[in-house]
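Structural features, examined
Chain by chain, the residues:
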Amino acid sequence: MKVKHIDHIGVAVKSIDQAGKFYTEILGLGIEDVENVAEQKVNVAFIPITDSEVELLESTDPDGPVAKYIDSRGEGVQHIAFRVENIEEALEELKERGVRLIDQAPREGAGGAKIAFIHPKETNGVLVEICER
Ligand code: ZN
């Protein structure tokens, strides 16, 4: 598959307002937009840096995946996303090579991206997302 660059790093936070201050006030970056992704029960704040972004993920529901992540592991880096040229081809290749996936088919992520997650057992504990936009 053709991986182009790191698309974003997803950081699980309890509060975008609170956590965002480090990125804006200390690092001098800007929060470009905040989007609600209802399916994932999160608000996502986009903080672009050249070709990549930090995405702050704030749960909107105590039963959502990000809330559960914070309950078990605390706030912090939750996933790394690699941008691929063609996500359907990438998923086919991963399946052919026997790589366990969380998503067998692409689904819609924040910012209109097509995304899929690889099982963290395949990646030494890192939740890896591939995405195409
Ligand atoms: Zn992501």
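The preceding data block contains the structure.
Values in this document were obtained by computation on a predicted structure and should not be read as measured data. (Residues numbered from 1 in each chain as written. Predicted model: local features only at pLDDT ≥ 70, side-chain atom pairs only at ≥ 80, totals over all residues. Heavy atoms only, no water.)

Next up on the list: the side chain of glutamate 58. With respect to the helices, strands and loops of the structure, glutamate 58 is situated in strand β4 (residues 52-59). At 11 Å, lysine 21 is the nearest oppositely charged side chain to glutamate 58, a buried residue that forms no salt bridge. Only 2.8 Å separates the side chain of glutamate 58 from the backbone nitrogen of isoleucine 16, close enough to count as a polar contact. Sequence-distant contacts of glutamate 58, that is, excluding residues within four places in its chain, are made with Val13, Lys14, Ser15, Ile16, Asp17, Lys41, Val42 and Asn43. (Helix = DSSP H or I, 4+ residues; strand = E, 2+ residues; numbered from the N terminus. Buried < 20%, exposed > 50% of the residue type's maximum accessible area, 1.4 Å probe, protein only. Lys, Arg positive; Asp, Glu negative; His and termini not counted. Salt bridge = Lys/Arg side-chain N within 4 Å of Asp/Glu carboxyl O. Polar contact = N/O pair within 3.5 Å; in protein donor to acceptor, adjacent residues only side chain to side chain. Contact = heavy atoms within 4.5 Å.)

Residues Ile6, Ile9 and Val77 make up a contiguous nonpolar surface patch of roughly 220 Å² in combined accessible area. Here valine 77 is to be found in strand β5 (residues 76-84). The exposure class of valine 77 is exposed, given its relative accessible area of 52%. (Patch = residues over 30% accessible without salt bridge, like charges linked within 9 Å, V, L, I, M, F, W, Y side chains within 5 Å. Areas by Shrake-Rupley, 256 points an atom, 1.4 Å probe, with all protein chains shown as cover.)

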